[in-house]
Every structure is written in structure tokens, then in C-alpha cells.
Amino acid sequence: MNTRTLFPLLRSTAHAITWRPTVVGAALGLAILLVPEALSARLTGTHLTDLARISAICVALGAAFLLDDPATRSTPTMPTPRLARNLVRVTLAVPVVALWWTLTLGLAKTTGHHAAAAHLPVGALTLEAATLLAAALALAAIAQRRTADGNTGVIAAPAVLLLAAVAWFLPRPVALILTPTDPHWTASHYRWTAVLATALVAFLWAGHERERRRVPRRWRLTVIAVLVLMVGAGTAFAFRSDSEQRTAAPSGGIDTGTHAWRQIVPGGDCQCANGGRFSFWERQADPTRVVLFLNGGGVCWDAEMCAFTSTGQPGENDFYDWNDQGGERPYDQKSGFFDLTQADNPFAGYSIIYVSSCTGDAHLGDVAQKYSPTLTVQHRGYVNGTAALDYLATHYPSAAQVVIIGKTAGSIAAPLYGGLVADRLPHAKVTVFGAQSGAWPDNPDFNAKVLGKAWGAYDAVPAWAVDGLTVRNWGIPRFWVQAAHHAPELVLSRFDYAFDPAAAVEVTAWMPGNPPNLLAVIDANETAIETAGVILHSYTAPGDGHGLFEFDRFYDLKVHDVRLIDWLKQLVTGKPPSDVRCDKCNQ
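Predicted model only: the values in this text are computed from it and were never measured.

Student: When you look at the overall build of the protein in this model, what are you seeing that I'm missing?
Tutor: Within the protein, the secondary structure is distributed over 18 helices and 14 strands. Going through the 587 residues of the protein one by one, you find that 55% of them count as buried. Taking as baseline every contact in the protein between residues at least 6 positions apart, the subset at least 24 positions apart corresponds to 74%. As displayed, the protein has an accessible area near 25300 Å², and 60% of this comes from carbon and sulfur atoms.

What follows is the structure, given as C-alpha cells:
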């Protein structure tokens, strides 16, 4: 084919192409991104990724009609080969689709929160969209060989929809549709590249006419070169985007001797108290049994407690971590709960999502609090915690058992997260084990000043968590009641040392008595919870100890000949056990 033939062919082909389905698909794809914005929805990076994928599917469905040609019966007598005619159509359509895709990605970045948009994997999504487009054209070209009337779209479009559905539900070893934070994100795009190459080869093969013509050699070389460049460029963009968007743990994970801990950076609105990056950790094991571990840490609600430096002065909180580097790392801990090779460990075979606290708000806050002209604290614990919860629900959809473990301050919000897990995984048995926050009081002034104003927790949590309660009577013991009323199947439990002064050191001023009787506060809280009709299983150990999960006392602790780990095993896997309470609790 020479230029004298090409230009007239381009003009006539542009008029002959059925553009309407592609235009409709493009408009629908843009609308899919605009609707959440119109509803004032807050989109995370994962939401934007999925919406961009759906938009790409819409255009691929429209592109399935690009090879429609009612003049098919007469074209075999034309001197121009079928493949050349198809390539001309593709040449005309691809710039239009590319322009639309650029507009779509720009709209996605405008629609999403600025942090979510910054983490949008543009290169990887472009590879996926190119693959869907190539698959649609390949299916249309194959249909072209089998139809006599030239209406290829009516066959290719349903096939594209079927392929997209299959891709969405492929099992994990060969999954194509993953979230950007998934450890297998890069591997999935190797598979996308293979699908793209297969689709392009199928398109070329389908354009070959069986009877008499061969595509000129220069055309074949050109097509092969374009094929190689498209596959190579798509792969490069995807992997470059992947490396920019994800921060992996060193050497692909921290080896614990059994399974590796992987660091996950969710992006989006997540951040630590100083505005820096937030991350959580994952240990993949049994996908049907999962622990959501809410780690403890210091809490704060004024300029002295929340300062980003510690001078050791009275009033400062030396245990408060304000950035992603200050908290404990699960791979650094090799004893207690974290000895996952221990035969007695009730959670040895579980997958674990480990969420550190770096916001000073017990995983509850969603507010930027300005404590002084030079100190603004991002209390975003609820945002961070629910991002980890979303990851759990997305990557462990078949979980049959989910255990929410809260350590010290991390146990304050544990029952609320239990209700959130029950919402996302309604078929799972959900158990909450909150350790060492039983003495946190229900004080109206504390509720209003800290939970309501300083942390913004009252406004952040879902409606069921505050249903019927003002901020002043929304105390921490009420969290258990609200969760149980919302999700009656929850198994709720707590652990406390009777006189642990460190577990509630920040809130002793809000308790009755001087000094307060910690065990009396624990007992009063449990009585109030159970009076509201909630079954709260409890294990109360004697003494003023502090710390449980990080020490081997996790295995040794025994009250009335009942070991804590045996009690936990029965709690999680069998009929809930009877309460265990020390007799001589001051020993």
C-alpha cells in the first residue's frame, strides 16, 4: 500500500467506522468517575483504581464495534488486504481513545483526594486499559472471520464483558485485578503483559485472509515492531509506576522464620501525627483465619502531650509516637504472641494485619488539631485503621475467623473495629479481645474534651457507633455496648491486670478517687456493659503488671489453674469460656 492509496483509505474509513458505541462507552466511563464526586464521596487510591478500570471496560466494550463493516460481502474483491484495512481503523481510533484515557486519568486525579491521586498507578492502569482495548479488537477481528454481515460488535462486546468478569474473579495465584498495595501487584502486571501480547497476536492472525493475499513484508515488519514496542512500553510504564507507588519491606519482607512480614503503604488520606507517611504490616498465612492487631501506644490531647519532641518535662507523653518510624515493628518482637513458631500460640497459623499507632488517638481520630501556633497534630487513627481494615476485607474475603486484638490503648477502639469487620465480612466469626484498657473511665468531660473535640472521634465513626448518644455520654465502655447492639454475633472479651497503673496512666485524673481504685473502675465498667444486655467475657489477672503480648508471660499466665492461652483458644474456636477473675487481686 502506498501513500496515494493510504490517504483516501483513511478518509473513507473514518466515515465508515461505527463511532457511536465507542463514544457512548467513553461518556459512560467518565460518568462513572463523576458520580462519586457528585455524591461528595471521599475516594481512596483503591477506589480510583477500580473506577478507572471500570471506565476502561466501558470503552473496550465500545471499541468492540470499531471493525463493524456492513460492506464485508464486497470487500474480498478489494486490492487492500483485510489486515491493512483493520490497521487503518485502529490507527484512526487509537489516538481518540488515548486522548479519552488521558482525560479520564486527569479526572480521576481531580476527583480523588490529593494524596489518593498522588498514589494513582497511572502506568499500570494504562497497561491494563491497553490490554482491554487490544482484547476487544482481537475478539472483533476473530468475529470478522466468522460473520458474513460484518456486524462483529454484537459478538465481540459480550465476549469482552465475559473476559472482564473472569479477570475480576480469577483466584489469587493467577489474579489480574489487585489493589496497588497488594504484594503481588507487580506479578499481576507480568500477566497483564502476557495477555496484551496474546491479544495483539490474535488480532494479527485474525486479519490474515485465508484465500490468496499475504500482507507485504514491510507491513509485517512494521506491525511486529509496533507489537514489541507496545508490550515493552506498557511493561516499563507499569513497573515504573509500581515502584513509585508502593514501598515494599526490605528484601521483599522481613523473615520471621515462618512467614514474612510485609510493609503496606496505603496512601490516600492516611498519615501519622506529623503529617508523614503511615504504613501497616502483613503476615500472610492461613487466608481463612486472620488477626487484626491494633497496637497500643501513648495518647495525647494537648500541646505538651502531643509535642513532636520529648524533653522529659512533666506533662509530656514519652510513649507517644508521632511518625511511622517511632512505633514497634512486629518482626523485631520474637516472644509472646509474636513467637509464631510456638506450638502453644493460639494464633500461630493465622494471617496477621498489624496496625501501629502513630497518631496519639487510640485508632479513633479523624481531625487536624492545632494545639499551638507551631504544633498541628494529624489525629488520623481512624482513617489509618479503617484503611488496614479495608485491606483485610479485600485480600481475605474468604476469612471464616477474624480476631481483633487490641493492645493497651489499641484495645480502646477494638469493639468498634469488631463491628466494622462484621459489616465487611458478614459470614466470618468475629472475636474481639481487648487487653488492658478496662480501667478507662466513662467521664462526660473526658468524652467531650478528648473523644469529641481533640480527636474528632465522635464525628468520625459510623452512625451505629453513636446511635442515641450525645458526645458526653459516649464513653469508652459504651463502645462495647454499641458494637454488640449493632452486630449481636460478635464475641466480645477483655483482659486486664487488676492494678496496672501504666494501662490508664493518662486518664487517672478522670477517674473517681485519689488515688483511684483501678480494679473498682474495671468492675464498674464491666457491670455497666453487661447491664446493657451485652455478654462480655473477661479474664482478670492479679497484680500491677503491664504488658502481655510481647512477653513469654503470655504463655505462663494462669489464674485458678486456667491458662490465658487455653482460655483464648476456647474463646476463638469453641464455646466461649467462663469468666476468670483473681481472688486475691492485689498479689
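Student: Before we go on, may I ask you to explain empty space enclosed by the protein in this structure?
Tutor: The gaps of empty space that remain are located by a probe, the size of a water molecule, rolled over the atoms. The final tally for this structure, using the stated rule, is seven cavities of 30 Å³ or more. The space that makes up the largest cavity amounts to roughly 130 Å³. Elements supplying a minimum of two residues to the lining of the largest cavity: α15 (476–486), β10 (491–497) and α16 (518–531). Tallying contributions element by element places α16 first for the lining of the largest cavity, with four residues.

Student: What am I meant to see in the pairing of strand β9 (residues 429–435) here?
Tutor: Regular strands place side chains that alternate from one sheet face to the opposite one. Judged by how many residues are buried, β9 sits mostly within the fold: six of seven residues are covered. With seven bridges connecting them, strand β8 (residues 401–407) and β9 associate as parallel partners. Note on β9: the bridge partner recorded for V402 is V430. Traced from β8 through helix α11 (residues 414–424) to β9, the parallel crossover comes out right-handed.

Student: Explain the pattern of salt bridges to me, please; I cannot follow it from the model alone.
Tutor: Where charged atoms from two side chains of opposite charge come close, those side chains can pair. This structure, assessed with the given rule, holds 13 salt bridges. A salt bridge links D390 to R424, with the shortest nitrogen-to-oxygen separation between them at 2.9 Å. Linking D390 in helix α10 (residues 381–395) with R424 in helix α11, this pair joins segments that are 34 residues apart in sequence. R424 gets classed as partly exposed once you look at its relative accessible area, which sits at 33%. Of the charged contacts in the structure, one is a salt bridge between R494 and D496, with a shortest N-O distance of 2.9 Å. Residue classification places D496 among the buried positions, given a relative accessible area of 3%.

Student: Would you take a moment to explain the nonpolar core for this structure?
Tutor: The nonpolar side chains of a soluble globular protein tend to be buried with one another. In this structure, W301, I353, L364, I404 and W455 are the most contacted members of the largest nonpolar core, which totals 82 residues. Beyond its immediate stretch of four places on either side in the chain, W301 contacts C306, Y371, F446, K449, V450, A454, W455, E506, V507 and W510. Core analysis: the next-biggest nonpolar cluster, separate from the first, contains 54 residues, L30, A108, L176 and F203 among them.

Student: Would you take a moment to explain the environment of T49 for this structure?
Tutor: With respect to the element layout, T49 can be found in helix α3 (residues 45–63). For the pair T49 and I177, spaced 128 residues apart in the sequence, the C-alpha separation amounts to 10.0 Å.

Student: I would appreciate a short explanation of the state of the cysteines in the present structure.
Tutor: Linking two cysteines covalently through their sulfur atoms gives a disulfide. The tally for this structure, following the rule as stated, stands at three disulfides. A sulfur-sulfur distance of 1.9 Å marks the disulfide that ties C582 to C585. Judged by the sign of its S-S torsion, about 105 degrees, the cystine formed by C582 and C585 is right-handed. In this pair, the class of C582 matches that of C585, namely buried. Once the disulfide-bonded cysteines of the protein are ranked by sequence position, their pairing pattern turns out to be 1-4, 2-3, 5-6.

Student: I would appreciate a short explanation of the packing of aromatic side chains in the present structure.
Tutor: Aromatic ring pairs: the centre-centre distance and the angle between the two ring planes describe each pair. Applying the stated criterion across every chain yields a total of 31 aromatic pairs. Between Y539 and W567 the ring centres are 5.5 Å apart and the planes differ by 70 degrees, which places this aromatic pair in the edge-to-face class. Taken as a pair, Y539 in strand β11 (residues 536–541) and W567 in helix α18 (residues 564–573) lie far apart in primary sequence, 28 residues in all. There is no split in this pair, since Y539 and W567 are both buried.

Student: Would you explain helix α8 (residues 185–206) in this entry?
Tutor: Quick reminder: α-helices carry 3.6 residues per turn. Residues three or four places apart thus point the same way. With 22 residues, α8 extends 31 Å from end C-alpha to end C-alpha; this agrees with the ideal 32 Å at 1.5 Å per step. Among the residues of α8, W185, S188, H189, W192, T193, L196, A199, L200, F203 and A206 are the ones counted as buried. Down the axis of α8, the buried set is contained in an arc of 165 degrees. They therefore lie on one face. In α8, the exposed residues that point more than 90 degrees away from the buried face are Y190, T198 and W205.

Criteria and cut-off values
- Residues numbered from 1 in each chain as written.
- Predicted model: local features only at pLDDT ≥ 70, side-chain atom pairs only at ≥ 80, totals over all residues.
- Heavy atoms only, no water.
- Helix = DSSP H or I, 4+ residues; strand = E, 2+ residues; numbered from the N terminus.
- Buried < 20%, exposed > 50% of the residue type's maximum accessible area, 1.4 Å probe, protein only.
- Contact = heavy atoms within 4.5 Å.
- Areas by Shrake-Rupley, 256 points an atom, 1.4 Å probe, with all protein chains shown as cover.
- 1 Å grid on protein atoms, 1.4 Å probe; cavity = no way out; pocket = protein on both sides within 12 Å on 5 of 7 lines; lining within 4 Å.
- Points joined across faces, edges and corners; volume = space filled by probe spheres on them.
- Pairing = 2+ DSSP bridges.
- Right-handed = clockwise from strand over helix to strand, strands pointing away.
- Salt bridge = Lys/Arg side-chain N within 4 Å of Asp/Glu carboxyl O.
- Core = buried A, V, L, I, M, F, W, Y, C linked by side-chain atoms within 4.5 Å.
- Disulfide = S-S within 2.5 Å.
- Phe/Tyr/Trp six-rings, centres within 6.5 Å; stacked < 30°, edge-to-face > 60°.
- Expected span 1.5 Å × (residues − 1).
- Arc of directions from axis to C-beta.

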